[in-house]
Amino acid sequence: AAPAPAAGGAAGASGAAAAAAAAGQTVPARKQAKNGLTVQRQRKPGDPAGGEPVEVQLELELPAALQKQLLAQYDEMHDEGRCVALPRRPNVAQLLQGYVGYVRDKQGEAQAEEDLVMGLQVYFDKALYQCLLYRPERQQAQQALAAGQAPSAVYGAEHLLRLFVNLPELLPPTGAPEEQLQLLLQRMEDLLVYLQHQASKIFAPLSEYVPFSSFAAPAAGVGAVHDGGWGKAAKQQLLR
């Protein structure tokens, strides 16, 4: 027979929830995965199985082919000490606008997609230094962006994929309606499928990567670019 749970375990937790509900308190439910969304519901007294969604978090999974692209990047950098050369063409801004054009040609209009890619481009430009770089790529970033260019005008599909890995963490939980977030998730998934279909045109071959040693030492006084531990997080996310 299975051992009985300790008082502080699942049985204790359920007993505490029942006691709180009986006392007329509002009890937060456990998170549950639903169609790519993690939903935190608020249980009402007397309704332990139901409740209104009060906090929703996006859960985004990359297609298998794009996961392989990320792993290939990781291995090339970790094992060979090489990274993608900059600037990239097409760059992130061009890739996102290419997607908008694709949707417009297919549907006749793409205002929702235009709004989506504008938001993603803003996130990319702000997140690059925060969490989209490996530590050895810092010097390259300092050189490539020295003239003040936006990261989305210099980096390409390789780093855009890293944004999607980090996006669930960058987007705070929201109380927006689930239906609205489902539409947003569907558009992101459609964009990822588009990138997957364009893979042969938008990802640099590993043979064109350049060694870390090719970067000159950064100028004195230039601060280091924080990578946020992206490599470890990405590896865990892709292999789970």
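Here, the structure is the one placed above.
Residue positions are given per chain, counting from 1 as you read along its sequence in written order. Since the coordinates come from a predicted model, pLDDT governs what is reported: local features require at least 70, and pairs of side-chain atoms require 80 or more to be given and counted, while whole-chain, interface and lining totals use all residues. Side-chain numbers come from the whole structure's heavy atoms, not from hydrogens or water.

1. As for the overall build of the protein
Phase 1 of the analysis: Numbered from the N terminus, helices here are DSSP runs of H or I no shorter than four residues, and strands are runs of E no shorter than two. Assigned secondary structure in the protein consists of nine helices and six strands.
Phase 2 of the analysis: Looking at the protein residue by residue over its 240 residues, the buried ones come to 41%.
Phase 3 of the analysis: Any two residues whose heavy atoms approach within 4.5 Å at even a single point are treated as in contact. At a minimum sequence separation of 6, the contacts of the protein that also span at least 24 residues come to 72%. Throughout this description, buried means an accessible area under 20% of the type-specific maximum (1.4 Å probe, protein chains only), exposed means over 50%, and partly exposed covers the range between.

2. Overview of the packing of aromatic side chains
Phase 1 of the analysis: Note on ring pairs: Phe, Tyr and Trp rings are taken, using the six-membered ring of Trp, and paired if centres are within 6.5 Å. Classes follow the plane angle, with under 30 degrees stacked, over 60 edge-to-face and the rest tilted. Taken as a whole, this structure holds four aromatic pairs when the rule is applied.
Phase 2 of the analysis: Centre to centre, the rings of Tyr102 and Tyr194 are 5.2 Å apart; their planes meet at 35 degrees, and the pair counts as tilted. Taken as a pair, Tyr102 in helix α3 (residues 92-107) and Tyr194 in helix α7 (residues 178-197) lie far apart in primary sequence, 92 residues in all.
Phase 3 of the analysis: On the basis of relative accessible area, Tyr102 is assigned to the partly exposed category, the value being 35%.

3. With respect to the side chain of Arg82
Phase 1 of the analysis: In this fold, Arg82 is placed in strand β5 (residues 82-83).
Phase 2 of the analysis: Throughout this description, a polar contact denotes any pair of N or O atoms lying within 3.5 Å of each other; where both atoms belong to protein, one of them has to be capable of donating a hydrogen while the other can accept it, and for residues adjacent in sequence the pair is counted only when both atoms sit in side chains. Of note is the side chain of Arg82, whose polar atom sits 3.4 Å from the backbone oxygen of Ser207.
Phase 3 of the analysis: One polar contact links the side chain of Arg82 to the main-chain carbonyl oxygen of Tyr209, over a distance of 2.8 Å.
Phase 4 of the analysis: Aside from chain neighbours lying at most four places away, what touches Arg82 is Glu76, Met77, Leu206, Ser207, Glu208, Tyr209, Val210, Pro211 and Phe212.

4. Quick notes on unusual backbone geometry
Phase 1 of the analysis: The omega angle of the peptide bond from Leu86 to Pro87 is 0 degrees, so this bond is cis rather than trans.
Phase 2 of the analysis: With respect to the helices, strands and loops of the structure, Pro87 is situated in the loop between β5 and α3.
Phase 3 of the analysis: Put simply, Arg89 and Pro90 share a cis peptide bond, and its omega is 0 degrees.
Phase 4 of the analysis: By secondary structure assignment, the location of Pro90 is in the loop between β5 and α3.

5. Points about the packing of helix α4 (residues 111-131) against helix α6 (residues 157-170)
When two helices pack together, their arrangement is captured by the angle between the axes and the distance separating the axes.
Phase 1 of the analysis: To get an axis, fit a line to the C-alpha atoms, keeping to the stretch in contact for a helix; angles then go from 0 to 180 degrees between the N-to-C directions. Following both chains from N to C, one finds α4 and α6 inclined at 90 degrees, their axes separated by 10 Å at the closest point. Considering the angle they form, α4 stands roughly perpendicular to α6. The segment α4 lies against α6, with Leu120, Tyr123, Phe124, Ala127, Leu128, Gln130 and Cys131 engaging His159, Leu160, Leu163, Phe164, Asn166, Leu167 and Leu170.
Phase 2 of the analysis: Of the residues belonging to the contact of α4 with α6, the class tally is eleven nonpolar, three polar and no charged. Small angles under 35 degrees read as roughly parallel and large ones over 145 as roughly antiparallel, with 65 to 115 read as roughly perpendicular and the rest as oblique. Amino acids outside the nonpolar list (Ala, Val, Leu, Ile, Met, Phe, Trp, Tyr, Cys, Pro) and the charged list (Asp, Glu, Lys, Arg) are all regarded as polar, and Gly is one of them.

6. Here's the deal with the packing of α3 against α4
Phase 1 of the analysis: Taken N-terminus to C-terminus, the directions of α3 and α4 make an angle of 170 degrees; their axes are 10 Å apart at the nearest point. When the interaxial angle is binned, α3 and α4 end up roughly antiparallel. Here Val92, Ala93, Leu96, Gln97, Tyr99, Val100, Val103, Arg104 and Gln107 of α3 come into contact with α4, specifically with Glu113, Glu114, Val117, Leu120, Gln121 and Phe124.
Phase 2 of the analysis: Tallied by class, residues from the contact of α3 with α4 come to nine nonpolar, three polar and three charged.

7. Things to note about the environment of Ala153
Phase 1 of the analysis: Within the secondary structure, Ala153 is located in the loop between α5 (138-144) and α6.
Phase 2 of the analysis: With 66 residues separating them along the chain, Ala153 and Pro87 place their C-alpha atoms 8.0 Å apart.
Phase 3 of the analysis: In contact with Ala153, not counting residues within four places along its chain, are Arg89 and Asn91.

8. Some details on the pattern of salt bridges
Phase 1 of the analysis: For this document, the term salt bridge refers to a Lys or Arg side-chain nitrogen within 4 Å of an Asp or Glu carboxyl oxygen. Overall, the coordinates contain five salt bridges when judged by the stated rule.
Phase 2 of the analysis: Between Arg162 and Glu137 there is a salt bridge, and its shortest N-O distance comes to 2.7 Å. You can see Arg162 sitting in helix α6 and its partner Glu137 sitting in the loop between α4 and α5, a full 25 residues away along the chain. Side by side, Arg162 and Glu137 carry an identical accessibility label, which is buried.

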